[in-house]
Amino acid sequence: FVKPGRDYKDIGAIIEDHIVPRGYSTVKNFCGHGIGSVFHTAPNILHYRNNEPNGQMAAGHTFTIEPMICEGTNRPITWTDQWTAATADGGRTAQFEHTLIITPDGVEPMTAKIPGHSKVQFWEMESEVHKGFWLGTTPAGRARAAKFLEELQQGVLP
C-alpha cells in the first residue's frame, strides 16, 4: 500500500481491517509519526480508521507505523515511570514500530531484518502475508528478500 500518492489516513483503516475481525483493537492515543529534522514530526500516522487530512505520501518521506494492538480494552494507562504503557484492564497487548522510507517505486523499511544477523522467527516463516521477512516493495528490496529466503532455505544463514 505504501507508495507515492497514497493518503496517510488510509493506513489506519488497513490496520483496523486486519485486527478488528480477529477480536483486537488499537490504542487511539498513540500514533506513528514523520521523521525529519525533528524526530517526531508531521504527519501523525493514526492506527485506526479516520478522515484526518494528513497529506499524501511522496518519495523521500520517512515515517513510522507503531500500533499498540490490544486483546481487551484499548484505554491506555501510563505507569509511574512515565514511559511504560499498558491498558486499563491489564490485558495483553503487542506494540511494535517500523520506520519506512518512501521511494519513487515503493517503500523500504529502515527497521528490516539484516541478512545473516537477524534471526527469522517461526511466526515470520509461517506468515500468510510475507514469507519470512519483508524488505520492501521496491525491486531492490524484493530482490534482497528473495536472496535472503533462498539462503535461509539452503542453510547458509542462521
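Heads up: the structure comes first, above all this text.
Residues numbered from 1 in each chain as written. Predicted model: local features only at pLDDT ≥ 70, side-chain atom pairs only at ≥ 80, totals over all residues. Heavy atoms only, no water.

Asks: Even after reading the chapter, I still don't get the state of the cysteines, so can you show me in this structure?
Replies: Disulfide: a covalent bond formed between the sulfur atoms of two cysteine residues. Summed over the entire model, instances satisfying the criterion amount to 0 disulfides. Free cysteine: C31, not disulfide-bonded; nearest cysteine sulfur from C70 at 15 Å. For C70, a relative accessible area of 1% puts it in the buried group. (Disulfide = S-S within 2.5 Å. Buried < 20%, exposed > 50% of the residue type's maximum accessible area, 1.4 Å probe, protein only.)

Asks: What should I look at first to understand the pattern of salt bridges in this one?
Replies: Where charged atoms of side chains with opposite charge meet at close range, the side chains can pair. If you walk through the whole model with that rule in mind, you get 6 salt bridges. For E16, the salt bridge is made with R49, and the minimal N-O distance between the two is 3.5 Å. With a gap of 33 residues between them, E16 in helix α1 (residues 10-19) and R49 in the loop between β3 (41-45) and β4 (62-65) connect regions that are remote in the sequence. The exposure class of E16 is buried, given its relative accessible area of 17%. Using a relative accessible area of 45% as the deciding quantity, one classes R49 as partly exposed. (Salt bridge = Lys/Arg side-chain N within 4 Å of Asp/Glu carboxyl O. Helix = DSSP H or I, 4+ residues; strand = E, 2+ residues; numbered from the N terminus.)

Asks: Would you mind going over the sheet that holds strand β5 (residues 68-70) with me for this structure?
Replies: Where strands meet in a sheet, backbone hydrogen bonds hold them as pairs that are either parallel or antiparallel. Spatial strand order, β1-β5-β8: 3 strands in an open sheet with antiparallel pairing. Edge positions in the sheet fall to β1 (25-26) and β8 (93-95), since each has one partner strand and no second. Bridge analysis of β1 against β5 gives 2 bridges, and the strand direction is antiparallel. Pairing of S25 across the sheet is with C70, part of β5. (Pairing = 2+ DSSP bridges.)

Asks: Which parts of the structure should I look at to understand the side chain of E66?
Replies: As for its placement among the helices and strands, E66 is situated in the loop between β4 and β5. Buried and unpaired, E66 has no salt bridge, with K28 as the nearest side chain of opposite charge at 18 Å. At 3.2 Å, the side chain of E66 forms a polar contact with the side chain of H33. Beyond its immediate chain neighbours, meaning those up to four positions away, E66 contacts C31, G32, H33, H47, Q95, F96 and E97. (Lys, Arg positive; Asp, Glu negative; His and termini not counted. Polar contact = N/O pair within 3.5 Å; in protein donor to acceptor, adjacent residues only side chain to side chain. Contact = heavy atoms within 4.5 Å.)

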